[in-house]
Amino acid sequence: MNSNTSSHPIGLFDSGIGGTSIWKEIQKILPNENTIYLADSQNAPYGLKSKDEIIALSSKNTEYLLNQNCKMIVVACNTATTNAIKELRAKYKVPFIGIEPAIKPAANLSKTATIGILATKGTLNSELFHKTVSTYSETNIIEQIGHGLVQLIEDGKLESEELFHLLEAYLNPMISQNIDYLVLGCSHYPYLIPQIKKIIPKHIKIIDSGEAVAKQTKNILNQQQLLNTQSQKGKVVFYTNSDSKVLKKILKNKYEVLEKKF
Ligand code: DGL
């Protein structure tokens, strides 16, 4: 890549609006980068799809972003990372940053040697996740699929009773088993933190991967001499292939969202 490439945008994609939690962290530490975010909400949730389907959707999103000259792709989705990042890296030349559940810091910091993880079925069943878990055999890792959560978030029902009851049903068994860390293994779930805090006791810490992913994005851009050196704020573009209402709301109506087919 030549030096002009550094002004090209960073592309991010997710099965929907959740990856904006990652985009926000990237925006915090790399405010001068141009970014393009794709919300593939029409195909959400990815968590119930087969590995082949997730690879096909991730390739489609990547190609759309590469056609817009992205210099790097951030897979802002645990399900797509754990099922497809190996294939994406083999197929396309640009650097890829993925997001995986933060098992490592939680396992290392846990005093009760018991941690909980809430993630999609696709993530918890993936080979990559199993490999990670197998390296922490001394920690009791309580896995819970967040059935229904992504869809409710996509439908704009963050504050609904239905969502709250699901969370209670998923978290209470973890609380009884004495977890002291809760890993949010899906980029949609940081939006649930206010509700989660109403359910879990104060001593249980919540960990997600947003900040770590943003730091890694910066490191790789730096290493590859791809950091955008412009002094003005980066240009931001959001695309969704569904109704833009919920995405706009989650971005507090601060950004333009374009409805596009991709
Ligand atoms: N945000 C995606 C993730 O991090 C949600 C997956 C889904 O669509 O089920 O896993």
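To keep things clear, this report deals only with the structure shown in the data block. (Residues numbered from 1 in each chain as written. Predicted model: local features only at pLDDT ≥ 70, side-chain atom pairs only at ≥ 80, totals over all residues. Heavy atoms only, no water.)

Right, let's get into the overall build of the protein chain. Along the protein chain, the regular secondary structure elements total 11 helices and 10 strands. Its C-alpha radius of gyration of 18 Å places the protein chain within 12% of the 18 Å reference for a compact globule of 262 residues. Along the first, second and third principal axes, the C-alpha atoms of the protein chain reach 55 × 40 × 35 Å. A buried classification covers 55% of the 262 residues belonging to the protein chain. In the protein chain, 74% of the contacts between residues at least 6 apart in sequence involve partners at least 24 apart. A total of about 12,500 Å² of accessible surface is found on the protein chain, and carbon and sulfur atoms cover 49% of it. Between the averaged position of the 30 positive side-chain charges in the protein chain and that of its 24 negative side-chain charges there is a distance of 6 Å. (Helix = DSSP H or I, 4+ residues; strand = E, 2+ residues; numbered from the N terminus. Rg over C-alpha atoms; globule rule 2.2 N^0.38 Å. Buried < 20%, exposed > 50% of the residue type's maximum accessible area, 1.4 Å probe, protein only. Contact = heavy atoms within 4.5 Å. Areas by Shrake-Rupley, 256 points an atom, 1.4 Å probe, with all protein chains shown as cover. Lys, Arg positive; Asp, Glu negative; His and termini not counted. Charge placed at Lys NZ, Arg CZ, Asp CG, Glu CD.)

As a further point, take the site of the ligand. Every one of the 13 residues lining the ligand counts as a neighbour, but Ser 15, Tyr 46, Gly 47, Thr 79 and His 188 are closest to it. Taking Asn 78, its main chain carries an N or O atom lying 2.8 Å from an oxygen atom of the ligand. Coverage of the ligand by the protein chains reaches 99% of its 300 Å² of free accessible surface. Its residues assigned to classes, the shell around the ligand comprises 5 nonpolar, 7 polar and 1 charged. (Near = heavy atom within 4 Å. Polar contact = N/O pair within 3.5 Å; in protein donor to acceptor, adjacent residues only side chain to side chain. Nonpolar A, V, L, I, M, F, W, Y, C, P; charged D, E, K, R; others polar.)

Take the sheet that holds strand β6 (residues 140–145) next. Taking strand neighbours across the sheet as the criterion, the 4 strands line up as β6-β5-β7-β8 in an open arrangement whose pairing is parallel. Strands with a single pairing partner mark the edges of an open sheet, and in this sheet they are β6 and β8 (205–207). For this sheet, the mean angle separating the axes of adjacent strands, direction not counted, is 20 degrees. Sheet analysis places strand β5 (residues 114–119) next to strand β7 (residues 181–185), joined by 5 bridges and oriented parallel. Note that in β7 the partner of Ile 117 across the bridge is Val 183. (Pairing = 2+ DSSP bridges. Axes fitted to C-alpha atoms, helices over the stretch in contact; angles between N-to-C directions.)

Next up on the list: the sheet that holds strand β9 (residues 236–240). The sheet built from 6 strands is open, its strands ordered β4-β3-β1-β2-β9-β10 with parallel pairing. Of all strands in the sheet, those with a lone pairing partner are β4 (96–97) and β10 (257–259), marking the two edges. Relative to β9, strand β2 (residues 35–39) runs parallel, the two being bridged by 5 bridges. Note on β9: the bridge partner recorded for Leu 38 is Tyr 239.

All chains considered together, the criterion is met by 7 aromatic pairs. Centre to centre, the rings of Trp 23 and Tyr 255 are 5.2 Å apart; their planes meet at 85 degrees, and the pair counts as edge-to-face. Placement of Trp 23 in helix α1 (residues 20–29) and of Tyr 255 in the loop between α11 (245–250) and β10 is noted, with a sequence separation of 232 residues between them. Seen in terms of ring centroids, Tyr 37 and Phe 238 are 5.6 Å apart; in terms of plane orientation they differ by 50 degrees. Their pairing is tilted. A residue pair is termed long-range when its members are at least 10 positions apart, and Tyr 37 in strand β2 and Phe 238 in strand β9 qualify at 201 residues. Like Tyr 37, the residue Phe 238 is buried in the burial classification. Through a chain of ring-to-ring contacts, the aromatic side chains of Trp 23, Tyr 37, Phe 238 and Tyr 255 assemble into a single cluster. (Phe/Tyr/Trp six-rings, centres within 6.5 Å; stacked < 30°, edge-to-face > 60°.)

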